[in-house]
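Chain by chain, the residues run as shown.
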Amino acid sequence: MKKNGSIDIGSVRARFRAVRDGLNAAFREREDAIECIILAALSQSHALLVGPPGTAKSALFFGFLASFPDARKFQTLVTKFGTEDEYFGPVKLSALKNDLWERNLDGRLAAVECAFLDEVFKGSDSVLNAFLSAMNERLYKGQPIPLRLLVGASNELPEEEILAAIYDRFLLRDVVEYVQADATWMQLVAAPPEYKPAAQIALAEWDAACKDVQRLEVPQRVVEELLRLRTALKADGLVLSDRRWIALTRVLKAAAWLDDAPTVELDHLSVLKYGLWNKPEDRARVVAVLQTVDRSVVAQAIDIVDEALRGYANRPTEPASYQSALPQLADKVTEAGKRVQDMLKNGVSRRAHARIQPKLDELKKAHDALTADLSKRYALP
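Residues numbered from 1 in each chain as written. Predicted model: local features only at pLDDT ≥ 70, side-chain atom pairs only at ≥ 80, totals over all residues. Heavy atoms only, no water.

Caption draft 1: Region of interest: the pattern of salt bridges. Within the structure shown, the criterion is met by 21 salt bridges. Of the charged contacts, one joins Asp-32 and Lys-273 as a salt bridge, the two residues approaching to 3.4 Å between their closest N and O atoms. On the criterion of sequence distance, the pair formed by Asp-32 in helix α2 (residues 31-43) and Lys-273 in the loop between α11 (242-258) and α12 (283-290) is long-range, its members being 241 residues apart. For Asp-32, a relative accessible area of 32% translates into the label partly exposed. In this structure, Lys-141 engages Glu-84 in a salt bridge whose closest nitrogen and oxygen atoms are separated by 3.8 Å. Of this pair, Lys-141 sits in the loop between β6 (139-140) and β7 (143-144) while Glu-84 is found in helix α4 (residues 84-88), placing the two residues 57 residues apart along the sequence. Through salt bridges with shared partners, a single network forms among Asp-168, Arg-169, Arg-243 and Arg-244. (Salt bridge = Lys/Arg side-chain N within 4 Å of Asp/Glu carboxyl O. Helix = DSSP H or I, 4+ residues; strand = E, 2+ residues; numbered from the N terminus. Buried < 20%, exposed > 50% of the residue type's maximum accessible area, 1.4 Å probe, protein only.)

Now the structure itself:
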């Protein structure tokens, strides 16, 4: 295992994966939002979750931070009537007596490592400007602050031009919707998620991980593909700043680091779906362009498995309808498994196998459940 000083980087990477997998297991249909937060944490950027109330946005944030016991946290609802006192602490009266202007920052945004701002765009101009400095330069009133990760939440995206700057500072964004699959919704209602931290990560280990992420390189072939994507997006009317493209290379490195890849690979470009859109209606166009990337066999196999798993998650819940759809659904899951086996028959690397194995395990569970239901259906009296 490669070590950074006294820190075992391999162990830290394994624990970040465990956190991701544990959150995915507890919060169904939240894989993208979870990946947003994980990648933001590792790329030293910030994440925005957009969606209606009651979609577990804050629960995801606190679920993630439960694995960082020594990280100080701050959470608040931003309002247009809020003042800097609420977000950055009250002015010290004792300092004023000595003609000094100081705030008591303890427990507020400028004194914590992680923050969650609900309805982040609702603040006054002065408050939003303070947020902007904290997010971008990690400064408050010109002084360094320990902020590592800020997750913002909003029911809607900002339309006013004045909010464009703070919106742009959220490098990664995801739209979080209500649970769509009936079967998943029934499981959620029957047994609401009770997340327990899958691993513990110290702040020093988090910092070491971020440092190790940045040592990875972006090969020339990936840079050339980024240029092709940029050209394709421009032709489709989607133009992004050079600053955003450069910042997104940190996210690519974070994705590669999680995969234990030696450099950024073409497969990792898929995570750009979190950073290349400004409006939700642009997301489908971004994904369509990203799907033109020549990805590895493993990435294509994961897509096949994901499609089969979505079909299983969206299976009919009414008994008669389920029984009617059961044979065809079982055939689709079985066929997906066979296709993937054929694609991987020439063998894959240990690293590539580690990427797809959790998906294959989930597909096998779905296959076993469908097979058991088929056996019951055709059991002789």
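Alright, that's what it looks like, and here's the rest.
Caption draft 2: Broad picture of the nonpolar core. Phe-16, Phe-64, Phe-131 and Trp-257 are the most contacted members of the largest nonpolar core, which has 100 residues in total. Here this core takes 10 residues from α11, the largest share from any one element. Discounting residues that sit within four places of it in the chain, Trp-257 has contacts with Ile-9, Val-12, Arg-13, Phe-16, Leu-42, Ala-209, Asp-212, Val-213 and Leu-216. Membership of the second largest hydrophobic core comes to 22 residues, among which are Tyr-312, Tyr-322, Val-333 and Leu-374. (Core = buried A, V, L, I, M, F, W, Y, C linked by side-chain atoms within 4.5 Å. Contact = heavy atoms within 4.5 Å.)

Caption draft 3: Inspection of the sheet that holds strand β8 (residues 149-154) at higher detail. Strand order across the open sheet formed by 5 strands is β4-β5-β8-β3-β9, with parallel pairing between neighbours. Looking at strand neighbours, the two that pair on one side only are β4 (73-77) and β9 (172-175), the edges of this open sheet. In this sheet, neighbouring strand axes are inclined to one another by 15° on average, regardless of whether the strands run parallel or antiparallel. Judged from the 5 bridges that link them, strand β5 (residues 114-118) and β8 form a sheet pairing that is parallel. Across the sheet, the residue bridging to Ala-115 is Leu-150, located in β8. (Pairing = 2+ DSSP bridges. Axes fitted to C-alpha atoms, helices over the stretch in contact; angles between N-to-C directions.)

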